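Per-entry structural report
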Amino acid sequence: MKAAEREREAARDALIAAQQDTIRELVTPLSPIAEGVLVMPLVGFLLTRRRIPTY
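Residues numbered from 1 in each chain as written. Predicted model: local features only at pLDDT ≥ 70, side-chain atom pairs only at ≥ 80, totals over all residues. Heavy atoms only, no water.

1. What to know about the overall build of the protein
Basically, it comes down to this: A run of DSSP states H or I qualifies as a helix once it reaches four residues; a run of E qualifies as a strand once it reaches two. Both are numbered from the N-terminal end. Exposure is judged per residue with a 1.4 Å probe applied to protein chains only, and the accessible area is read against the type maximum: over 50% gives exposed, under 20% gives buried, and values in between give partly exposed.
Within the protein, the regular secondary structure consists of one helix and two strands. The linear arrangement of helices and strands in the protein, starting from the amino end, is α-β-β. Among the 55 residues that make up the protein, the fraction classed as buried is 2%.

Put into structure tokens, the structure is as follows:
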């Protein structure tokens, strides 16, 4: 039973992470202005969790 609970918890955590990523993308307005170039309006505070990761 413990293995099934761990699997359910892992699946729930993956779903929550995917939902958080989707919400983060939706609340960060980006406007493409050229090939490979985006602009983002900066009004107020830019929270670390909303920052676009630069890999």
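2. A closer look at the confidence of the model for the protein
Spelled out, the test is: The predictor rates its confidence in each residue with pLDDT, a number between 0 and 100.
With 75% of its residues at a pLDDT of 70 or more, the protein has an overall mean of 81. Model confidence for the protein, summarised as mean pLDDT per element, is weakest for strand β1 (residues 31-34) at 85 and strongest for helix α1 (residues 2-26) at 92.

3. Considering a nonpolar patch on the surface
Test applied: Only residues above 30% relative accessible area that lack a salt bridge enter a patch, with like-charged residues linked at up to 9 Å and the nonpolar side chains Val, Leu, Ile, Met, Phe, Trp and Tyr linked at up to 5 Å. Note on areas: Shrake-Rupley with a 1.4 Å probe; residue coverage comes only from the protein chains shown. When a carboxyl oxygen of Asp or Glu is within 4 Å of a side-chain nitrogen of Lys or Arg, the pair counts as a salt bridge.
Judged by side-chain polarity, Ile23, Leu26 and Val27 come together as a nonpolar surface patch covering roughly 310 Å² of accessible area. Take Ile23: its relative accessible area is 51%, and that puts it in the exposed class.

4. Observations concerning the pairing of β1
Here is the rule: Pairs of strands are assigned from DSSP output, requiring at least two bridges between the strands.
Pairing of β1 with strand β2 (residues 37-39) involves three bridges; the strand directions are antiparallel. Within β2, the residue paired with Ala34 across the bridge is Val37. Between β1 and β2, which pair antiparallel one after the other, the connecting turn spans two residues, and Gly36 there sits at a positive phi close to 80°.

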